[in-house]
Amino acid sequence: MLVGSSHTYQQQNSFQAESLVTPEYASYYGRGKLLLTGEYLVLDGALALALPTRFGQSLKVHYKPSFSPKLHWKSYDFDGSCWFDEKFEFWHFKPLSSNPRIEALELQKMLQQVRKQNPHFLRDDVDVVVETNLEFPLKWGLGSSSTLIYNIAQWAYIGPFELLFKTMGGSGYDIACAQSGTPILYEKKYDVPRWEVAEFDPSFKDNLYFVYLGKKQSSRDGVKYYRDRVKDYHGLVDQLSDLTRSFVSASNLVECERVIQEHERLLSAALKVPRMM
């Protein structure tokens, strides 16, 4: 259990008074994420160490009065290239292109859920242009979806965890990272997200590297794979939680490597996939 100064998610009101006033421009920002320990088992209550990244994603909203309001959504990769461009009507957020991409349909479902959480969302007679800008490559998997959910929740004055759980699903550690400025210890107990600042500033940090292997995986597919193969996870939850504590408190690189290797051994055996190291 997390002790000391911590954050416990509490459901926000479905909307706030500010949502009734439409500004001309608004901007929101969320940080990316790295999960160092507790992979998959964080879904079932394991204590996990996660790092918010220096790079994240912004969401900018422009409003303009209109007699036929529409939502125009454009998303840009880190290099400025536009990878998504779609227009939506406001009644059911239906994409207006003749053959909408899967991303447009997923965004439609997300916006419909936002409307359920805040019935006042996008009800004014205005055209709305949304631009999202990534600071890291889309293919790296550092949280393009989680930062989007967090930013949309800020925009709509709703709870980001509820939006995540009712759309994409997951543990919520990435949503906690999106709003954090320090490493965090995260756990989800009885479906309630909790996290606290992790005192993780190892003396050997110059020997730790992030390496993208060019093999980004679908989080949804990964979770399904985990659910299909790991039925009795309670013992693993306790073991990985202990390894998370050992990882944070490791005093040297050799000790840290030992913890990582044991962590990978347990996951490899449970998931029946070969170890990377």
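Data block above holds the structure.
Residues numbered from 1 in each chain as written. Predicted model: local features only at pLDDT ≥ 70, side-chain atom pairs only at ≥ 80, totals over all residues. Heavy atoms only, no water.

### A closer look at the overall build of the protein
Filter applied, for reference: The secondary structure listing takes helices from DSSP runs of H or I that are at least 4 residues long and strands from runs of E that are at least 2 residues long, numbered from the N terminus. Our radius of gyration is a C-alpha quantity, and the globule rule it is checked against amounts to 2.2 Å times the number of residues to the power 0.38. For each residue, the accessible area found with a 1.4 Å probe, counting protein chains only, is set against the maximum for its type, and the residue is called buried under 20%, exposed over 50%, and partly exposed in between. Contacts are residue-level and defined by heavy atoms, with any inter-residue pair within 4.5 Å sufficient. Methods summary: accessible areas were calculated by the Shrake-Rupley approach with a probe of 1.4 Å, and residue burial reflects only the protein chains presented. The sign given to each residue is positive for Lys and Arg and negative for Asp and Glu; His and the chain ends receive no count. Just so you know, the charge point we use is NZ for Lys, CZ for Arg, CG for Asp and CD for Glu.
Assigned secondary structure in the protein consists of 7 helices and 8 strands. For the protein, the C-alpha radius of gyration of 20 Å lies close to 19 Å, the compact-globule estimate for 277 residues. In terms of principal-axis extent, the alpha carbons of the protein reach across some 65 × 40 × 40 Å. The proportion of buried residues among the 277 residues of the protein is 45%. For the protein, contacts bridging at least 24 residues in sequence account for 68% of all contacts bridging at least 6. Taken as a whole, the protein presents about 15,200 Å² of accessible surface, with 52% of it coming from carbon and sulfur. Measuring between centres, the 32 positive side-chain charges of the protein sit 5 Å from its 33 negative side-chain charges.

### A few points about unusual backbone geometry
With glycine set apart, most residues show a phi of negative sign, and most peptide bonds adopt trans. Positive phi is not limited to glycine here, since F93 has a value of about 55°. With respect to the helices, strands and loops of the structure, F93 is situated in the loop between β5 (82–88) and α1 (102–117). Residue classification places F93 among the buried residues on the basis of a relative accessible area of 1%. At Y157, a position not held by glycine, the phi torsion is positive, near 60°.

### Observations regarding the side chain of K33
How we decide: One side-chain nitrogen of Lys or Arg within 4 Å of one carboxyl oxygen of Asp or Glu is enough to make a salt bridge. Under the rule applied, a polar contact is a pair of N or O atoms within 3.5 Å (in protein, one hydrogen donor and one hydrogen acceptor; residues adjacent in sequence only if both atoms are side-chain atoms).
Topologically, K33 is positioned in strand β2 (residues 25–35). Of the side chains with opposite charge, D174 lies nearest to the buried K33, which makes no salt bridge, at 5.4 Å. Within polar-contact distance, the side chain of K33 engages the backbone oxygen of G141 at 3.2 Å. The contact partners of K33, leaving out residues within four places of it in the chain, are L51, T53, G141, L142, G143, S146, Y173, D174 and C177.

### What about the packing of aromatic side chains?
For clarity, the threshold we go by: We call Phe, Tyr and Trp rings a pair once their centres come within 6.5 Å, taking the six-membered ring for Trp, and we label the pair stacked below 30 degrees between planes, edge-to-face above 60, and tilted otherwise. The rule is short: NZ of Lys or CZ of Arg within 6 Å of the ring centre and within 35 degrees of the ring normal puts a charge over the ring.
Applying the stated criterion to the full structure yields 12 aromatic pairs. Taking 6.3 Å as the distance between ring centres and 50° as the angle between the ring planes, the aromatic pair formed by W73 and W155 counts as tilted. Of the two residues, W73 is situated in strand β4 (residues 71–76) and W155 in helix α2 (residues 144–156); the sequence distance between them amounts to 82 residues. Classification of W73 as buried rests on a relative accessible area of 1%. Taken together, the ring pairs in this structure connect W73, F90, F93, F121 and W155 into an aromatic cluster. Across from the ring centre of F165, 4.2 Å away, lies the NZ or CZ of K188, which sits over that ring.

### Digging into helix α6 (residues 234–249)
Our working definition: Residue count minus one, scaled by 1.5 Å, sets the expected span of a helix. By definition, the arc is the one covered by directions from the helix axis to the C-beta atoms.
The terminal C-alpha atoms of α6 lie 23 Å apart, and with 16 residues this matches the ideal 22 Å at 1.5 Å per residue to within 8%. Residues of α6 that are buried: L236, V237, L240, S241, L243, T244, F247 and V248. Along the axis of α6, the buried positions cluster into a sector of 165°, meaning they face one direction only. Relative to its buried face, α6 has exposed residues pointing more than 90 degrees away, namely H234, D238 and S249.

### Overview of the pattern of salt bridges
One pass over the structure, following the stated rule, counts 8 salt bridges. For D44, the salt bridge identified is with R227, shortest N-O distance 2.7 Å. Taken together, the residues D44 in the loop between β2 and β3 (48–65) and R227 in helix α5 (residues 219–229) connect sequence positions 183 residues apart. For R227, a relative accessible area of 34% translates into the label partly exposed. Between E103 and R101 there is a salt bridge, with its nearest N and O atoms 3.2 Å apart.

### Focus on the environment of Q108
Position of Q108 relative to the elements: it lies in helix α1. The exposure class of Q108 is buried, given its relative accessible area of 14%. Along the sequence, Q108 and S27 sit 81 residues apart, while their C-alpha atoms lie 21 Å from each other. In contact with Q108, other than residues within four places in its own chain, are F88, H92, F93, K94 and P95.

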